Amino acid sequence: MLSVQPSIDARLAALAPGFRAISISLQAAPLIHPQVGEEALIHACACVAAGEPAWADAHLAAWDEVFKQFGAKPKRTPCSAQALRKRVLRDGVLPAIDPVVDLYNAISLRYAVPVGGENIAAYVGAPCLTLADGSEPFDTLKEGEPALESPEPGEVIWRDAQGVTCRRWNWRQGVRTRLSAADSQMWFILESLPAMPLDALCEAGDELIAGLGRMMPGCHTEKSLIGFA
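Keep in mind the model is a prediction, meaning the values are calculated, not measured. Positions within a chain are numbered from 1, following the residues in the order the chain's sequence is written. Only residues with pLDDT of 70 or above have their local features reported here, since the model is predicted, and side-chain atom pairs are shown and tallied only from 80 upward, although totals for entire chains, interfaces and linings are computed over all residues. The side-chain figures draw on all heavy atoms in the structure; neither hydrogens nor water molecules are used.

Draft legend 1. Quick peek at the pattern of salt bridges. Salt bridges are identified by distance alone: a Lys or Arg side-chain nitrogen within 4 Å of an Asp or Glu carboxyl oxygen. For the structure on display, the rule yields 10 salt bridges. Residues Asp 9 and Arg 11 are paired through a salt bridge, measuring 2.6 Å at the closest nitrogen-oxygen approach. Using a relative accessible area of 16% as the deciding quantity, one classes Asp 9 as buried. Residue Glu 149 pairs with Lys 142 through a salt bridge whose shortest N-O separation is 3.6 Å. Several salt bridges share partner residues, and in doing so they unite Lys 142, Glu 149, Glu 155, Arg 167 and Arg 168 into one network. Type-normalised accessible area, obtained with a 1.4 Å probe on protein chains alone, sets the label of each residue: buried when under 20%, exposed when over 50%, and partly exposed for intermediate values.

Shown next as C-alpha cells:
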C-alpha cells in the first residue's frame, strides 16, 4: 500500500506549540457496509447534543486563537470541527453525504477535533503543512463553477507539489484531492492542540480505523503520530 509521509514546517511550532496529529493512510477494500458511516454520524450528533466531549469548548477555542495568529477570522472561517459542531447545534443533525466522509465527520463531532480526508492518489508528492507565500494555486468552486484562487501570504496551508490542498489549516479543502468512498487510496489527518487530551486523540484515530474496517473489511491502514513535542 502507499505509505504517506506528511511533513510539518518547523515555523508552525511558534504558532501552535504542542500541535500533534494522527496521520492514517488506507488502502481501500470493497465497500461492504456503507451504512456504518451514517450510523456513526447519527450517534455523533447525539453526543454533541448531550454536550460531549468535555474538552470541546476549550479545544475549539484554542483553534480560534491559532487561526487569529495567522490572520484568519474564526467567526468567518472557523476550523472544520467548529463549523460541523455549529451546524449540529443549530439543526440537530448533519445530513449524510458519502459513507467515508460521514464516518470521518462523525469522528470530528464526537471528539471535537478537525479531521481531514483526502484522495491521496490525486497528490503530487507528499502532504506538507506550511506557511503560504501567497502565490500557490488553490482549486475551488465559486457559484458551482471551477475557480482558482490563492491563499493570503502567511496563511497556514496544507499543500503538495502542485498547489494548496486545504486552506487556513483545516478550513476548506480543494476539489482536486477531495475524498469519496469510491477512491482506493485514502489519507486522513486528525489535528489537535494540547487542550485535547493526547489519549483522546489516539482513541479518535483508533475509532476511525475501526469504522473503516467495519465498512470495508480487509482494508489496510498505517497510523502515525506527528507534530511538536
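Draft legend 2. Main features of unusual backbone geometry. A cis geometry characterises the amide bond from Glu 52 onward to Pro 53, with omega recorded as -5°. Here a strand is any run of E in DSSP of at least two residues, a helix any run of H or I of at least four, and the numbering for each starts at the N terminus. Along the chain, Pro 53 turns up in the loop between helix H2 (35–49) and helix H3 (56–69). In this model, Ala 112 sits at a positive phi of 50°, which is unusual for a non-glycine residue. Examined against the element boundaries, Ala 112 turns out to sit in the loop between helix H5 (99–111) and strand E3 (115–119). Not every positive phi belongs to a glycine, and Trp 169 is a case in point at roughly 65°. When you line up the elements, Trp 169 lands in the loop between strand E8 (164–167) and strand E9 (172–173). According to the relative accessible area criterion, Trp 169 is buried, its value standing at 0%.

Draft legend 3. Broad picture of the UniProt feature "domain: B3/B4 tRNA-binding" (unreviewed entry) in the protein chain. UniProt positions are given in the numbering used here, feature names are shortened, and annotations may be inferred rather than shown by experiment. In the numbering adopted here, UniProt assigns the feature "domain: B3/B4 tRNA-binding" (unreviewed entry) to residues 61–217. Across residues 61–217, the secondary structure splits into 33% helix and 24% strand, with the terminal C-alpha atoms separated by 37 Å.

Draft legend 4. Layout of the sheet that holds strand E10 (residues 185–192). The rule for pairing is simple: two strands pair if DSSP sees at least two bridges between them. Overall, antiparallel pairing links the four strands, which are arranged E3-E10-E2-E11 in an open sheet. Lying at the two open borders of the sheet, with one neighbouring strand each, are E3 and strand E11 (220–227). Direction aside, the axes of adjacent strands within the sheet are offset by 15° on average. With eight bridges connecting them, strand E2 (residues 20–27) and E10 associate as antiparallel partners. Along E10, the bridge assignment pairs Arg 20 with Ser 192. Only the stretch in contact is used when a helix axis is fitted, and all axes are lines through C-alpha atoms; the angle between N-to-C directions ranges over 0 to 180 degrees.

Draft legend 5. Summary view of the packing of aromatic side chains. The pairing test for Phe, Tyr and Trp rings, Trp by its six-membered ring, is centres within 6.5 Å, and the orientation test on the planes gives stacked under 30 degrees, edge-to-face over 60, and tilted for anything in between. Scanning the entire structure with this criterion turns up 10 aromatic pairs. On the numbers, 6.5 Å between centres and 40° between planes, the contact of Phe 70 with Trp 169 is tilted. Placement of the pair is Phe 70 in the loop between H3 and helix H4 (80–91) and Trp 169 in the loop between E8 and E9, with a sequence separation of 99 residues. On the basis of relative accessibility, which here comes to 11%, the residue Phe 70 falls in the buried class. The rule for a charge over a ring is simple: NZ of Lys or CZ of Arg within 6 Å of the ring centre, and within 35 degrees of the ring normal. Against the face of Trp 171 rests Arg 168, its NZ or CZ located 4.9 Å from the ring centre.

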